[in-house]
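Here's the letter readout for the chains.
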Amino acid sequence: MHVQNLRKLFTALAVLLPSLAGAADASSETTWLDMEGRIQYGYYTEDARSLETLATQLSTGDTDDSFRSYYAALADYRVTLLTKDLSRALTHAERCVAAANRAVEAKKQFAEAIALESACLARMARLSPLRSPFAASRSKSTIGKALQLAPRNPRVLLLDAVNAYEGAAN
């Protein structure tokens, strides 16, 4: 009787634990989607200050978390698009590249982070003529890698299109 109860307990745990892990993943995903919403809201309301605050908050703490680094990069990228101060924009572009790179190091096949790194490199190339040859070349190879990993990912395709559009405009 005792062995039967243990089997039932282990069976129940085997069924329950994956669903609990899924709930934790869903909660984490909701948190990151909320962060993305805050970043997008800051961008669309042209609130560079709140974006800088978010980027700084996300850049501190657990830098091994691929999503934390990805959203730090996204916030920095959005700041580069809003700020008129060239040196500030360049600083945020550099931070964006570094954060996106950390995201990719933490999660190797993270196509969206690779595409974001490419967008930040392209932005850096447009902001700094001295860095342009290296950054532009690296941006093209990086977006190529992201497109290979996720050829139908809407975020990857969007960043590729933005890079192409801005590159043609210059």
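Rules used in this analysis
- Residues numbered from 1 in each chain as written.
- Predicted model: local features only at pLDDT ≥ 70, side-chain atom pairs only at ≥ 80, totals over all residues.
- Heavy atoms only, no water.
- Helix = DSSP H or I, 4+ residues; strand = E, 2+ residues; numbered from the N terminus.
- Buried < 20%, exposed > 50% of the residue type's maximum accessible area, 1.4 Å probe, protein only.
- Contact = heavy atoms within 4.5 Å.
- Salt bridge = Lys/Arg side-chain N within 4 Å of Asp/Glu carboxyl O.
- Expected span 1.5 Å × (residues − 1).
- Arc of directions from axis to C-beta.
- Core = buried A, V, L, I, M, F, W, Y, C linked by side-chain atoms within 4.5 Å.
- Disulfide = S-S within 2.5 Å.

Draft legend 1. Seen up close, the overall build of the protein. For the protein, the helix and strand inventory stands at 7 helices and 0 strands. Along the protein, from the amino end to the carboxyl end, the secondary structure elements read α-α-α-α-α-α-α. Per-residue burial for the protein yields a buried fraction of 38% across its 170 residues. Intrachain contacts of the protein at a sequence separation of at least 6 include 63% that bridge at least 24 residues.

Draft legend 2. Seen up close, the pattern of salt bridges. If you walk through the whole model with that rule in mind, you get 6 salt bridges. Here R138 makes a salt bridge to E117, at a shortest N to O gap of 2.6 Å. Placement of R138 in helix 6 (residues 132-149) and of E117 in helix 5 (residues 111-127) is noted, with a sequence separation of 21 residues between them. A salt bridge links E166 to R126; its shortest N-O distance comes to 2.5 Å. Here E166, found in helix 7 (residues 154-169), pairs with R126, found in helix 5; they are 40 residues apart in sequence, far enough to count as distant. The partly exposed category is assigned to R126, whose relative accessible area is 26%. Taken together, the shared-partner salt bridges in this structure form one network comprising E36, E112 and R155.

Draft legend 3. Structural context of helix 2 (residues 48-59). Over its 12 residues, helix 2 extends 16 Å from the first C-alpha to the last, a length consistent with the 16 Å expected when each residue adds 1.5 Å. Among the residues of helix 2, A48, L51, L54, A55 and L58 are the ones counted as buried. Around the axis of helix 2, the buried residues are gathered within 120 degrees of arc, so they sit on the same side. One or two steps after helix 2, the chain reaches G61, where phi turns positive at roughly 95 degrees.

Draft legend 4. Spatial organisation of the nonpolar core. The biggest cluster of nonpolar side chains holds 44 residues, and the ones touching the most others in it are M35, I39, L58, Y70, Y71, Y77 and L116. At the level of elements, helix 1 (2-44), helix 2, helix 3 (66-82), helix 4 (86-106), helix 5, helix 6 and helix 7 are the ones that each hand at least two residues to this core. No other element matches helix 5, which puts 11 residues into this core. In this view, I39 contacts L51, L54, L58, Y71, L74, A75 and R78; residues no more than four positions away in its chain are not counted.

Draft legend 5. The state of the cysteines, seen in detail. Per the counting criterion, the structure on display carries 1 disulfide. A sulfur-sulfur separation of 1.6 Å characterises the disulfide bridge that pairs C96 with C120. Here C96, found in helix 4, pairs with C120, found in helix 5; they are 24 residues apart in sequence, far enough to count as distant.

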